[in-house]
Structures are given as structure tokens and as C-alpha cells.
Amino acid sequence: MDELINKRVKEVLHGNQEAFEEIVIHFQHRLYQVCYRMLNNAAEAEDIAQEAFVRAYVNLETYDQKRKFSTWLYRIATNLCIDRIRKKKPDYYLDATVPGTEGLDMYSQIATDHQLPEEEVEKMEMKDRVQYEVNRLPDKYRTIIILRYMEDLQLQEIADILEMPLGTVKTRVHRGREALRQQMGSM
């Protein structure tokens, strides 16, 4: 078979363009299969296989007839496949609508560090409510809750600041949390 292919290559080089058609017919299915396995897309595999034959035809004078034609042709096709994979654009666009939704686009699917305005308002309202309820706590609990949860101090630091035993600080943190939980009850 290689002898027949080399004969057809010589004919093409001497001006017989129809001889290349036989080469294409001989390799088209196998070349398409190679491209399809690399790209996993039928339309792209057809395009790349066709482009490989065009490049082989245009550059046929660079083919070394001492080597197998199929190896040279497959090398062209695999290089084109690798180029396509590298340059491939995503299959989705941010402006495209999300299937099964009304009016949602892909932008809405992107994770963001920013909260929605409604969430920010809810968070601010919650902070205000917590601050109000903390201020309603008895002094002995309020101070410890503020130092522990709002100033993020360790229990030992609070004990040192308030000059009281660590056990007393722990007890007041626990009782302060319970009092705050009862005050906020419905939240």
C-alpha cells in the first residue's frame, strides 16, 4: 500500500491533481478518527482532517518519500488538533442565557465576593439589632460579651483586663450569651 501511496505522491508532484483524490479517499476515515479522538467533536474533527489534507497537498514537495506518508499526514493532523485545543474558546459565553431560566445570563453564575444589596442591608440590620440587645445586657455581662466577641479577646486577656478570676469570666461569657439569646429569641 505504501508503494501505491508513494506512486500517487509522485504523480501529484508531476502535476496530476486527481492522484491526490485517491490519497484522500484512502486516508480520510482514519484521519478523521484520529482527529475525533483528540478533539471529541465531530464538526471540529472534520474541519481539522480537511485542513490536514489541504496542508499536505500544499506542502507535498517537503514530504520525504523515504518515510511513510501516513506518518507525515498524521503528524500534520495531530499538530493541527493540538493547536485547536490550545486556542479553543469556551463553549459558553457570559452573555448567553442559562437554559431553563428566564432572563438569567452566565454573569449571574459567577461567584462574587460582594454581597447583594439586600444581603448587605439585612446584615447591617442584624448588626444594629445585636448591638442594641448587647447594650441592654446587665453591665457585668455586657462588658465581657463586648470584649470577647466584638473585640475578639481571649478569655485570659479579659480576666487580666477586668482583674477577675478566669472561671468568673467563663461563667459570665456563658450567662451573657444565654441572656443575649433569650433577648433576641425570635431571630
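None of these values were measured; they are calculated from a predicted model.

### Regarding the overall build of the protein chain
Per the secondary structure count, the protein chain includes 8 helices and 0 strands. In the protein chain, the order of α-helices and β-strands from amino to carboxyl end is α-α-α-α-α-α-α-α. Relative to its 187 residues, the protein chain shows a buried fraction of 26%. For the protein chain, contacts bridging at least 24 residues in sequence account for 49% of all contacts bridging at least 6.

### Here's the deal with the packing of aromatic side chains
Considering all chains together, one arrives at 7 aromatic pairs under this definition. Pairing Phe27 with Tyr74 gives two aromatic rings, centres 6.4 Å apart and planes at 90 degrees, and the pair type is edge-to-face. Here Tyr74 lies in helix α4 (residues 69-87) and Phe27 lies in helix α2 (residues 18-39), a separation of 47 residues in the sequence. Given the relative accessible area of 3%, Phe27 is considered buried. The interplanar angle of 25 degrees and the centroid separation of 6.0 Å between the aromatic rings of Tyr32 and Tyr36 together place this pair among those described as stacked. Remark: Tyr36 and Tyr32 occur in helix α2; sequence separation between them is 4 residues, near one turn of the helix. Relative accessible area serves as the criterion here: at 32%, Tyr36 is assigned to the partly exposed category. An aromatic cluster is present here, built from Phe27, Tyr63, Phe69, Trp72 and Tyr74 joined pairwise through their rings.

### Section: unusual backbone geometry
Residues other than glycine seldom take positive phi values, yet Asp152 does so here, at roughly 60 degrees. Assignment of secondary structure puts Asp152 in the loop between α6 (139-150) and α7 (155-162). One non-glycine residue, Glu163, lies in the positive phi region at around 50 degrees. A residue is classified by how much of its surface remains accessible, and Glu163, at 73% relative accessible area, is exposed.

What counts as what
Residues numbered from 1 in each chain as written. Predicted model: local features only at pLDDT ≥ 70, side-chain atom pairs only at ≥ 80, totals over all residues. Heavy atoms only, no water. Helix = DSSP H or I, 4+ residues; strand = E, 2+ residues; numbered from the N terminus. Buried < 20%, exposed > 50% of the residue type's maximum accessible area, 1.4 Å probe, protein only. Contact = heavy atoms within 4.5 Å. Phe/Tyr/Trp six-rings, centres within 6.5 Å; stacked < 30°, edge-to-face > 60°.

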